[in-house]
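# Chain and residue survey
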Amino acid sequence: MNDEEVYRLHLQLLNVYEKSIRPSGASQRQIDYYKQQLFMYAEDNVQRIFVLNQLLKLHEDSREFLVKDCADRYFSRDQDEGAEASM
């Protein structure tokens, strides 16, 4: 893959993340900062790819919290059902 293909692939992934979940608070401020960097200061595809990587990491961090929260709820539900079954 060349730089242009990697850049387009990163943009597609970022688009999917942004359509799925909108982070709030500090994460959203960081995302806005990196978007500004992407569109105003990145001069070539290598710089853009670097900034896009930072954006994707922020989205993945917020997604990691959601996945952990879902897992915690799922396993706590199983424990609650197990406790009821043993009674």
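Criteria and cut-off values
- Residues numbered from 1 in each chain as written.
- Predicted model: local features only at pLDDT ≥ 70, side-chain atom pairs only at ≥ 80, totals over all residues.
- Heavy atoms only, no water.
- Core = buried A, V, L, I, M, F, W, Y, C linked by side-chain atoms within 4.5 Å.
- Buried < 20%, exposed > 50% of the residue type's maximum accessible area, 1.4 Å probe, protein only.
- Helix = DSSP H or I, 4+ residues; strand = E, 2+ residues; numbered from the N terminus.
- Contact = heavy atoms within 4.5 Å.
- Salt bridge = Lys/Arg side-chain N within 4 Å of Asp/Glu carboxyl O.
- Expected span 1.5 Å × (residues − 1).
- Arc of directions from axis to C-beta.
- Polar contact = N/O pair within 3.5 Å; in protein donor to acceptor, adjacent residues only side chain to side chain.

It is worth spelling out the nonpolar core at this point. Ranked by size, the top nonpolar core spans eleven residues in total: Tyr7, Leu14, Tyr17, Ile31, Leu38, Ile49, Val51, Leu52, Leu55, Leu56 and Leu58. Within the residue set of this core, elements represented by two or more residues are α1 (3-20), α2 (26-41) and α3 (45-86). Take this core: its biggest share by element is six residues, from α3. Contact partners of Leu55, with chain neighbours within four places excluded, come to Leu14, Ile31, Tyr34, Lys35 and Leu38.

Turning to the pattern of salt bridges, a few remarks are in order. For the coordinates displayed, the defined rule picks out four salt bridges. Between Lys68 and Asp72 there is a salt bridge, and its shortest N-O distance comes to 2.9 Å. Residue Lys68 and its partner Asp72 are both found in helix α3; the two are separated by four residues, about one turn of the helix. The class of Lys68 is exposed, set by a relative accessible area of 51%. Across the pair Asp69 and Arg73 runs a salt bridge, and its minimum N-O distance is 2.5 Å. Of this pair, Asp69 and Arg73 are both found in helix α3, four residues apart, which corresponds to roughly one turn of the helix.

So, on to α2. Between its first and last C-alpha atoms α2 spans 22 Å; for 16 residues at 1.5 Å apiece the expected length is 22 Å, and the two agree. Looking only at α2, the buried set comprises Gln28, Ile31 and Leu38. Mapping the buried residues of α2 onto a view down its axis gives an arc of 80 degrees, with all of them on the same face. When the buried face of α2 is taken as reference, the exposed residues oriented beyond 90 degrees from it are Arg29 and Met40.

The terminal C-alpha atoms of α1 lie 26 Å apart, and with 18 residues this matches the ideal 26 Å at 1.5 Å per residue to within 8%. Two or three places before Glu4, at the start of α1, stands the capping residue Asn2, its side-chain oxygen 3.1 Å from that residue's backbone nitrogen.

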